[in-house]
Amino acid sequence: MVFQADKTRYQSMQYRRCGQSGLRLPAVSLGLWHNFGDTTLINNSRQLLQRAFELGITHFDLANNYGPPPGSAECNFGRIFQEDFQPYRDELIISTKAGYTMWDGPYGDWGSRKYLIASLDQSLKRMGLEYVDIFYHHRPDPETPLRETMKALDHVVRQGKALYVGLSNYPVELARQAIEILDDLGTPCLIHQPKYSMFERAPEQGLLSVLKEKGVGCIPFSPLAGGQLTDRYLNGIPPDSRAASGSRFLNPEQITDEKISQVRKLNALAESRGQKLSQMALAWVLRHDAVTTVLIGASKTSQIEDAVGMLDNLHFSAEELQTIESILNSAN
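Residues numbered from 1 in each chain as written. Predicted model: local features only at pLDDT ≥ 70, side-chain atom pairs only at ≥ 80, totals over all residues. Heavy atoms only, no water.

### A word on the overall build of the protein
What counts, and what does not: Helix and strand definitions follow DSSP, with helices as H or I runs of at least four residues and strands as E runs of at least two, each counted in order from the N terminus. The size measure is the radius of gyration over C-alpha atoms, and the globule rule it meets is 2.2 Å times the number of residues to the 0.38 power. Residue exposure (1.4 Å probe, protein chains only): buried if accessible area is under 20% of the type maximum, exposed if over 50%, otherwise partly exposed. The contact criterion used is simple: two residues touch if any of their non-hydrogen atoms lie within 4.5 Å. Computed by Shrake-Rupley with a 1.4 Å probe, the accessible areas treat only the displayed protein chains as cover when residues are assessed. In this count, Lys and Arg are taken as positive residues and Asp and Glu as negative ones, while His and the chain termini are left out. For this purpose, a charge sits on NZ of Lys, CZ of Arg, CG of Asp or CD of Glu.
Within the protein one finds 10 helices and 10 strands. Against the 2.2 N^0.38 benchmark of 20 Å for 332 residues, the protein shows a C-alpha radius of gyration of 19 Å, consistent with a compact globule. When the backbone C-alpha atoms are referred to their principal axes, the protein occupies close to 50 × 50 × 40 Å. Counting every position in the protein, which comprises 332 residues, the buried fraction comes to 55%. Considering only residue pairs separated by 6 or more positions, the protein has 75% of its internal contacts joining residues 24 or more positions apart. Taken as a whole, the protein presents about 14,700 Å² of accessible surface, with 48% of it coming from carbon and sulfur. Each charge sign in the protein was given a centre, from 34 positive and 38 negative side chains, and these centres are 2 Å apart.

In structure tokens:
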């Protein structure tokens, strides 16, 4: 059966201008890091993408190494795109990245011109696309000259393989330098993707201010701290949770008694706002005027629905913000 998107899909989503560009992004974007690789049933991935689009999520975020195994998320997305989303290509923002290990040898990692251009060519083939809307450098390269990396980003835009470029995981001063180089080259940096949540606040130490100053958008990843800022860990570590699965991105040692105490207090505040904890945590990230959109992951359509539902209450009173600060700063 041919997928036909709900005609009301744009009625409830909020769209925010990305920095000083002409592009607007949905307040919620869907990341394809997990749950789109070969270990996931293709029909489940299809349902996630379809439901997201029907709720007004137009931005799908990938990377060359997403899976598992690396590359499989792009392959599976490409299959679903060809079967379901081709008629909607001009309504979608599709992004990918390169910067982590993808193939053997000295040319399959980091930030050389050789690697970035070859990686994007591979990504386009896997997804069956002529271009991506945003191409990111996924992490800084300590050995490649920054200007070489930025010139590679500029080059793929001039080739027509990407419409915009972005940065991910760049610390504040390196981000400033990269943004200024791209400005000088004539291909402005559209957006930066840092890790940011109630439990990871490093971007507040200058990065968000630089992005606002330079007119660059911001799309925080891991806004729920790997699931910690949900109701999953209110009573410890469930056996079917990510923390119990052996994931290298969230382990049981991170779910301390102190962290569970904080989560319970945050959950109580969210309930007083008429929200789930996950919804309040997303709204808290979006409260910052430098943030354009928040990047979520999902294994169930209900998680996407919950994320979009948080748009019903984005406001925080001064008292609520102070309560959150007190909880996050508490040692007990």
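Now that the structure is up, let's keep going.
### With respect to the environment of His-192
With respect to the helices, strands and loops of the structure, His-192 is situated in strand β8 (residues 189-193). C-alpha separation for the pair His-192 and Ser-278, spaced 86 residues apart in sequence, amounts to 23 Å. When sequence neighbours within four positions are dropped, the list of residues in contact with His-192 reads Leu-167, Asn-169, Tyr-170, Ala-175, Leu-207, Leu-211, Val-216, Gly-217, Cys-218 and Ile-219.

### Notes on helix α3 (residues 113-127)
Basically, it comes down to this: Under the convention used throughout, the expected extent of a helix is 1.5 Å for every residue step, that is, one less than its residue count.
With 15 residues, α3 extends 21 Å from end C-alpha to end C-alpha; this agrees with the ideal 21 Å at 1.5 Å per step. Inspection of α3 places Tyr-115, Leu-116, Ile-117, Ser-119, Leu-120, Ser-123, Leu-124, Arg-126 and Met-127 among the buried residues, and these make up the whole buried set. Lining the buried residues of α3 we find α2 (72-85), β5 (93-98), β6 (132-137) and α4 (146-159). The positive-phi residue at the C-terminal boundary of α3 is Gly-128, with phi of around 70°.

### Quick notes on the layout of surface pockets
Selection criterion: Residues are said to line a cavity or pocket when one of their atoms sits within 4 Å of a point; the points come from a 1 Å grid over protein atoms alone, cavities being sets where a 1.4 Å probe fits but cannot get out and pockets being open sets with protein on both sides within 12 Å along at least five of seven lines. Grid points are joined across faces, edges and corners, and a volume is the space filled by probe spheres set on the points. Nonpolar residues are Ala, Val, Leu, Ile, Met, Phe, Trp, Tyr, Cys and Pro. Charged residues are Asp, Glu, Lys and Arg, and all others, Gly as well, are polar.
Space inside the second largest pocket adds up to approximately 170 Å³. If you trace the second largest pocket, you find 15 residues lining it, with Ser-21, Pro-188, Cys-189, Leu-190 and Gly-215 closest to the centre. Listed by contribution, the elements that provide at least two residues to the lining of the second largest pocket are β7 (162-168), α5 (172-185) and β8. Taken together, the residues of the lining of the second largest pocket sort by class into 8 nonpolar, 5 polar and 2 charged.

### Overview of the confidence of the model for the protein
Using the following cut-off: What pLDDT conveys is the predictor's confidence in a given residue, as a value from 0 to 100.
Of all residues in the protein, 94% have pLDDT values of 70 or greater, and the mean over the chain is 94. Within the protein, β6 carries the highest mean pLDDT (99), whereas helix α7 (residues 257-272) carries the lowest (94).

### Quick word on helix α9 (residues 301-309)
The α-helix winds at 3.6 residues per turn, so residues separated by three or four positions along the chain end up facing the same way. Going by this rule: Along the arc lie the directions from the helix axis toward the C-beta atoms.
Considered for burial, the residues of α9 that qualify are Ile-304, Ala-307 and Val-308. Buried residues along α9 cover an arc of 95° about the axis, so they all sit on one side. Taken together, the buried residues of α9 touch β3 (28-31), α1 (42-54), α8 (277-286) and β10 (294-296).

### Observations regarding the packing of aromatic side chains
We count it as follows: Note on ring pairs: Phe, Tyr and Trp rings are taken, using the six-membered ring of Trp, and paired if centres are within 6.5 Å. Classes follow the plane angle, with under 30 degrees stacked, over 60 edge-to-face and the rest tilted. Two limits define a charge over a ring: the Lys NZ or Arg CZ must be within 6 Å of the ring centre, and within 35 degrees of the ring normal.
For the structure shown, the criterion picks out 10 aromatic pairs. An angle of 50° between the planes, with centres 5.3 Å apart, marks the rings of Phe-3 and Phe-85 as tilted. Of the two residues, Phe-3 sits in the segment before β1 (15-17) while Phe-85 sits in helix α2, which places them 82 residues apart along the sequence. Considered together, Phe-3 and Phe-85 belong to a single accessibility category, that of buried residues. Here the aromatic cluster, defined as three or more aromatic residues joined through ring pairs, consists of Phe-3, Phe-53, Phe-60, Phe-77, Phe-81, Phe-85 and Tyr-88. Its guanidinium or amino end placed over the ring of Tyr-131, Arg-89 lies 4.3 Å from that ring's centre, counting from NZ or CZ. In this structure, Lys-114 is placed above the aromatic ring of Tyr-107, and the distance from its NZ or CZ to the ring centre is 5.9 Å.

### Examining the sheet that holds β10
Two strands in a sheet stick together by hydrogen bonds in their backbones, pointing the same way (parallel) or opposite ways (antiparallel). Here is the rule we go by: Should DSSP find at least two bridges between two strands, the strands are taken to pair. With axes taken as lines fitted to C-alpha atoms, and helix axes fitted only over the stretch in contact, angles between N-to-C directions fall between 0 and 180 degrees.
One open sheet accounts for 8 strands, arranged β9-β8-β7-β6-β5-β4-β3-β10; its pairing is parallel. Single-partner strands in this sheet number two, and they are β9 (217-218) and β10. Packed onto the sheet, α4 meets β6 and β7 and runs at close to 155° relative to β7.

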